[in-house]
Amino acid sequence: DSTLVKIATLQDKRKTDSLILFLIDKDPAYRAEAALALASVQDTTASLQLGTTLLEDPYLQSRINAAFALGQTGGYASANALIPALTDSSSLVVNEVLQGLGKVITNRDLISLVGFQTKDTIQENGLAWGFYFAG
């Protein structure tokens, strides 16, 4: 697929501005791949768009990848984008959000992890990793 090759090339060249455009592509596979590519680019200027993808994309893998990317990127904007996603309807997304929060959270927002009530073992796994990363 030539579009996936283009996304990989943009990732390799660290072209955040071009990768962000794929976060709103009509093809969900391209949105998911762009979010995953941004995880390795780790550019904080993408945090707002990744947060929008995390909260609004109907495609599950896009939300999971956006949460992962935010955790890899770090910074205040990433934490602010992850916290509202703790209420996502998918435990797989919440798992990734909890892990990401553990990587980017500050002492001020630690209550987001400490006070989180898990609903299943998938979320328990994410919370355990979140605490591990926070430590």
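In the block above lies the structure referred to throughout.
**Student:** Give me the lowdown on the overall build of the chain, citing residues and values where you can.
**Tutor:** When you go through the chain residue by residue, the secondary structure sums to 9 helices and 0 strands. Ordered by position in the sequence, the α and β elements of the chain form the string α-α-α-α-α-α-α-α-α. Taking 2.2 N^0.38 as the reference for a compact globule, 135 residues should give roughly 14 Å; the C-alpha atoms of the chain span a radius of gyration of 14 Å, in line with that estimate. Taken along the three principal axes of its C-alpha coordinates, the chain extends 45 × 25 × 20 Å. Looking at the chain as a whole, 47% of its 135 residues qualify as buried. Of the contacts formed within the chain by residues at least 6 apart in sequence, a portion of 61% connects residues at least 24 apart. Total accessible area on the chain is roughly 6,900 Å²; 55% of this is exposed by carbon and sulfur atoms. Across the chain, the centroid of the 10 positively charged side chains sits 5 Å from that of the 14 negatively charged ones.

**Student:** Give a description of the nonpolar core that names residues and reports values.
**Tutor:** Of all hydrophobic cores here, the largest spans 36 residues; its most connected members are Leu50, Leu54, Leu82 and Val97. At the level of elements, α1 (2-12), α2 (16-22), α3 (28-41), α4 (47-56), α5 (60-73), α6 (76-82) and α7 (91-104) are the ones that each hand at least two residues to this core. At 7 residues, α3 tops the list of elements feeding residues into this core. For Leu50, the contacting residues outside a window of four places in its chain are Leu23, Ala35, Leu38, Ala66, Ala69 and Leu70.

**Student:** Before we move on, can you summarise the pattern of salt bridges with the specific residues and values?
**Tutor:** Applying the stated criterion across every chain, the model contains 3 salt bridges. In this structure, the salt-bridge partner of Arg31 is Asp57, at a minimum N-O distance of 2.6 Å. Placement of the pair is Arg31 in helix α3 and Asp57 in the loop between α4 and α5, with a sequence separation of 26 residues. Note that Asp109 is salt-bridged to Arg108, the shortest N-O span being 4.0 Å.

**Student:** If you had to explain the side chain of Asp88 to someone new, which residues and values would you point to?
**Tutor:** In this fold, Asp88 is placed in the loop between α6 and α7. On the basis of relative accessible area, Asp88 is assigned to the buried category, the value being 15%. Looking at Asp88, its side chain comes within polar contact range of the main-chain nitrogen of Ser90, at 2.8 Å. Contacts of Asp88, omitting those with residues within four sequence positions, involve Leu54, Arg63, Val93 and Val94.

Rules used throughout
Residues numbered from 1 in each chain as written. Predicted model: local features only at pLDDT ≥ 70, side-chain atom pairs only at ≥ 80, totals over all residues. Heavy atoms only, no water. Helix = DSSP H or I, 4+ residues; strand = E, 2+ residues; numbered from the N terminus. Rg over C-alpha atoms; globule rule 2.2 N^0.38 Å. Buried < 20%, exposed > 50% of the residue type's maximum accessible area, 1.4 Å probe, protein only. Contact = heavy atoms within 4.5 Å. Areas by Shrake-Rupley, 256 points an atom, 1.4 Å probe, with all protein chains shown as cover. Lys, Arg positive; Asp, Glu negative; His and termini not counted. Charge placed at Lys NZ, Arg CZ, Asp CG, Glu CD. Core = buried A, V, L, I, M, F, W, Y, C linked by side-chain atoms within 4.5 Å. Salt bridge = Lys/Arg side-chain N within 4 Å of Asp/Glu carboxyl O. Polar contact = N/O pair within 3.5 Å; in protein donor to acceptor, adjacent residues only side chain to side chain.

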